[in-house]
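# Chains, contacts and geometry: an overview
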Amino acid sequence: MTRPFTLFTGQWADLPLEEVARLASGWGYDGLEIAVSGDHLDAWRWDEPGYVESKLALLEKYNLKVWAISNHLKGQAVCDDPIDFRHQAIVGPKVWGDGDPEGVRQRAAEEMQHTARLAKALGVDTVVGFTGSSIWQYVAMFPPVPEKVIDAGYQDFADRWNPILDVFDECGVRFAHEVHPSEIAYDYWTTVRTLEAIGHREAFGLNWDPSHMMWQGIDPVSFIWDFKDRIYHVDCKDTKVRQTGRNTVMGSHLPWGDPRRGWDFVSAGRGDVPWEASFRALSAIGYDGPISVEWEDAGMDRLHGAPEALAALKKFDFPASNTSFDAAFKQ
């Protein structure tokens, strides 16, 4: 099967949406995964007369479509504890307000509900994003953390996200959570527990992004099969792992691109993600949604990398066979 290829605009929010659309169209992308960030999308304007129409007209101008939108930044603030200077830098003044942590969480949750409404208005059925987590701070489990604290973290997630998901259900839109360190679901077992915490409700699924799995030692291909009924969206980012004994999995508080890191994000096709096996697995589970390039590489110019990544990934999106192996040998 062949699927549409989109460019995630989150790493391009410093540019006007029209400029990103112009570039993506010229590179051969089919559409955009538009971030609620910069001037790209504003979830609070979802019902403003003419707002959605203007965004759709812009896409049409460049012969692009939209199959999913994202709101990672505000989703992060829904469950996070602590809420601090890091969030102030990413959530914007409307959600930050006076900075009172619970107020930030409540306004972030309200924006996520508006994001579902915006998606519906755009004719989109999937929102990609983060959830945040009140217990990520305890990932090292030392000083010792009682089990009841972890239990409370998953309950906090359920309590905060179920009302958001109620609006998603009302809108006929799904949330695709990106399994990622710092979130409530960041690896295999935390994903299992996250789904259990909300009763496996269908409004909540997963955004498969293998880059975060590679450095944690998660098999991204098995993950597709294990959660085949929950893969609602695909983001493609690559990771190069170089753990030498000095360079370690934890990253050593070093910036992206520093050669002392044990891993780094690189342009798709230049890292360790098994793309062909992954695309075959996506075909096997019947995923026919967009393949979205989330371009990130601290050592490469993005104007070079974004079209290169598109070409690298397209090699693996070959049509599936319409003849069974056994049938072919019976001719």
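What counts as what
- Residues take numbers from 1 onward in each chain, read along the sequence in its written order.
- It should be noted that, the model being predicted, local features are given only for residues of pLDDT at least 70 and side-chain atom pairs only at 80 or more, the latter also being counted only at that level, while totals for whole chains, interfaces and linings use all residues.
- Heavy atoms throughout the structure, all of them, feed into the side-chain values; hydrogens and water do not.
- Helix and strand definitions follow DSSP, with helices as H or I runs of at least four residues and strands as E runs of at least two, each counted in order from the N terminus.
- Our radius of gyration looks at C-alpha atoms and nothing else; its globule reference is 2.2 Å times the residue count to the power 0.38.
- Whether two residues are in contact is decided by their heavy atoms, any of which lying within 4.5 Å being enough.
- Residue exposure ignores everything except the shown protein chains as possible cover, and the areas themselves are Shrake-Rupley values with a 1.4 Å probe.
- Here the positive residues are Lys and Arg and the negative ones are Asp and Glu; neither His nor the chain ends is included.
- For charged residues, the charge sits on one atom: NZ in Lys, CZ in Arg, CG in Asp, CD in Glu.
- Polar contacts, as used here, are pairs of N or O atoms within 3.5 Å; protein pairs need one atom able to donate a hydrogen and one able to accept it. Residues neighboring in sequence count only if both atoms are side-chain atoms.
- UniProt positions are given in the numbering used here, feature names are shortened, and annotations may be inferred rather than shown by experiment.
- Note on ring pairs: Phe, Tyr and Trp rings are taken, using the six-membered ring of Trp, and paired if centres are within 6.5 Å. Classes follow the plane angle, with under 30 degrees stacked, over 60 edge-to-face and the rest tilted.
- When accessible area is computed with a 1.4 Å probe and restricted to protein chains, residues below 20% of their type maximum are described as buried, those above 50% as exposed, and intermediate ones as partly exposed.
- The rule is short: NZ of Lys or CZ of Arg within 6 Å of the ring centre and within 35 degrees of the ring normal puts a charge over the ring.
- By construction, the arc corresponds to the directions joining the helix axis to the C-beta atoms.
- The term salt bridge refers to a pairing of a side-chain nitrogen on Lys or Arg with a carboxyl oxygen on Asp or Glu at a separation within 4 Å.

## Re the overall build of the protein
When helices and strands are tallied, the protein shows twelve helices and ten strands. Computed over its C-alpha atoms, the radius of gyration of the protein comes to 20 Å, within 12% of the 20 Å expected for a compact globule of 331 residues. Seen through its principal axes, the protein has C-alpha atoms that stretch 65 × 55 × 40 Å. Considering only residue pairs separated by 6 or more positions, the protein has 77% of its internal contacts joining residues 24 or more positions apart. As presented, the protein carries roughly 15,100 Å² of accessible surface, and 53% of it is formed by carbon and sulfur atoms. In the protein, 32 positive and 50 negative side-chain charges are present, and the distance between their average locations comes to 3 Å.

## A few points about the environment of Arg 160
Its place among the elements puts Arg 160 in helix α6 (residues 147–171). The sequence separation of Arg 160 and Arg 105 amounts to 55 residues, and the corresponding C-alpha distance is 8.9 Å. Filtering out sequence-adjacent residues up to four positions away, Arg 160 remains in contact with Val 78, Cys 79, Glu 102, Arg 105 and Gln 106. Here the side chain of Arg 160 touches Asp 156 through a polar contact of 2.9 Å, side chain to side chain.

## A look at the UniProt feature "domain: Xylose isomerase-like TIM barrel" (unreviewed entry) in the protein
Under the feature "domain: Xylose isomerase-like TIM barrel" (unreviewed entry), the UniProt entry names residues 22–315. For residues 22–315, the end-to-end C-alpha separation is 23 Å, with 44% helix and 13% strand making up the annotated structure.

## Let's talk about the packing of aromatic side chains
Counting across every chain of the model gives 16 aromatic pairs. Judged by centre distance (5.8 Å) and plane angle (40°), the ring pair of Phe 175 and Phe 204 falls under tilted. Remark: Phe 204 occurs in strand β6 (residues 204–208) and Phe 175 occurs in strand β5 (residues 174–178); sequence separation between them is 29 residues. For Phe 204, a relative accessible area of 1% puts it in the buried group. With a centroid separation of 5.4 Å and an interplanar angle of 50°, the aromatic rings of Tyr 188 and Phe 227 are classed as tilted. Separated by 39 residues along the polypeptide, Tyr 188 in helix α7 (residues 188–197) and Phe 227 in the loop between α9 (220–226) and β7 (231–236) bring together distant segments of the chain. Judged by relative accessible area, Tyr 188 falls into the partly exposed class, the value being 28%. Through a chain of ring-to-ring contacts, three or more aromatic side chains come together here, namely Phe 157, Trp 161, Phe 168, Phe 175 and Phe 204. Its guanidinium or amino end placed over the ring of Trp 44, Lys 94 lies 5.3 Å from that ring's centre, counting from NZ or CZ. Above the face of the Phe 265 ring, Lys 237 is positioned so that its terminal group lies 4.7 Å from the ring centre.

## Description of helix α1 (residues 17–27)
Among the residues of α1, Leu 17, Val 20, Ala 21, Leu 23 and Ala 24 are the ones counted as buried. All buried residues of α1 project into a common sector of 165° when viewed along the axis, lining one side. Phi for Gly 28, located one or two positions after α1, is positive at around 100°.

## Comments concerning the pattern of salt bridges
Within the structure shown, the criterion is met by 24 salt bridges. A salt bridge links Asp 151 to Arg 193, with the shortest nitrogen-to-oxygen separation between them at 2.3 Å. Of the two residues, Asp 151 is situated in helix α6 and Arg 193 in helix α7; the sequence distance between them amounts to 42 residues. Here Asp 151 falls in the partly exposed class, since its relative accessible area comes to 32%. With a relative accessible area of 30%, Arg 193 lands in the partly exposed category. A single salt-bridge network, built from bridges that share partners, covers Asp 81, Glu 102, Arg 105, Asp 156 and Arg 160.

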